[in-house]
Amino acid sequence: MSQVVFFVIFAGMVIYTYYYSLSVRPAHMEQQIGAVAYPRCATLRRIAFAGMGASMVAELLYVFFPLDIGLPLRLFGGLSGWAISIAIGLIFTGLGSWILIKVGKAAPDSFAPRKENQMYGGIYEKIRHPQAIADVSLWFAIGFLLNSPLLVIVALLWVPQNIWLTYVEESDLKLRFGQSYIDYMARTGRFLPQRG
């Protein structure tokens, strides 16, 4: 069972990355297959989120079915170690949840790309990819809440993956919105608000 859980953690990550990278390219896809591109991208995004969900469930199961790969089972030992790990996890949970609430208010339909969607306001006026920050924060939250070195390493793997996905998405948004998106990029930070 440990091997299966370990496999699903990474298989879910690969499924998410592959299908999400396809789902953020509706303007490119529209050039090839027409208006059906947007509903198809919404379906691809649902598949991506299923992969993410499978990975999350496997991470929870990993606590009960750890694999001996040479890492310690816990980040911090003892009761006080658990308290430290949980406190750090709650900070990441709070950050990720707060950002997702802001994303939900500014872009309630961001999980399903539609041609009629316009550029978003709200938190998106400050940073272009708040959802990526929230996703990574929540992966770290899981790792720390479960006090697991392996799951914190997995969270680290989500960082470059999310960065790459933002580049893929932005190439499509430039095609879709043209100069207005390029101007938007100039006045906002990718992950942090621009200074000045």
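For the structure, see preceding data.
Conventions used here
Residues numbered from 1 in each chain as written. Predicted model: local features only at pLDDT ≥ 70, side-chain atom pairs only at ≥ 80, totals over all residues. Heavy atoms only, no water. Salt bridge = Lys/Arg side-chain N within 4 Å of Asp/Glu carboxyl O. Helix = DSSP H or I, 4+ residues; strand = E, 2+ residues; numbered from the N terminus. Buried < 20%, exposed > 50% of the residue type's maximum accessible area, 1.4 Å probe, protein only. Arc of directions from axis to C-beta. Contact = heavy atoms within 4.5 Å.

Moving on: the pattern of salt bridges. For the coordinates displayed, the defined rule picks out three salt bridges. Between Glu170 and Arg190 there is a salt bridge; the shortest N-O distance is 3.1 Å. A residue pair is termed long-range when its members are at least 10 positions apart, and Glu170 in helix α6 (residues 149–177) and Arg190 in the segment after α7 (179–187) qualify at 20 residues. When salt bridges with common partners are traced through the structure, they connect Arg128, Glu170 and Arg190 into a single cluster.

Every buried residue of helix α2 (residues 26–33) is accounted for by Pro26, Ala27 and Met29. The buried residues of α2 all sit within an arc of 155 degrees when viewed along its axis, so they share a single face. Turned more than 90 degrees off the buried face of α2, the exposed positions are Gln31 and Gln32. The secondary structure elements touched by the buried residues of α2 are α1 (2–23), α3 (37–62) and α6. The positive-phi residue at the C-terminal boundary of α2 is Gly34, with phi of around 85 degrees.

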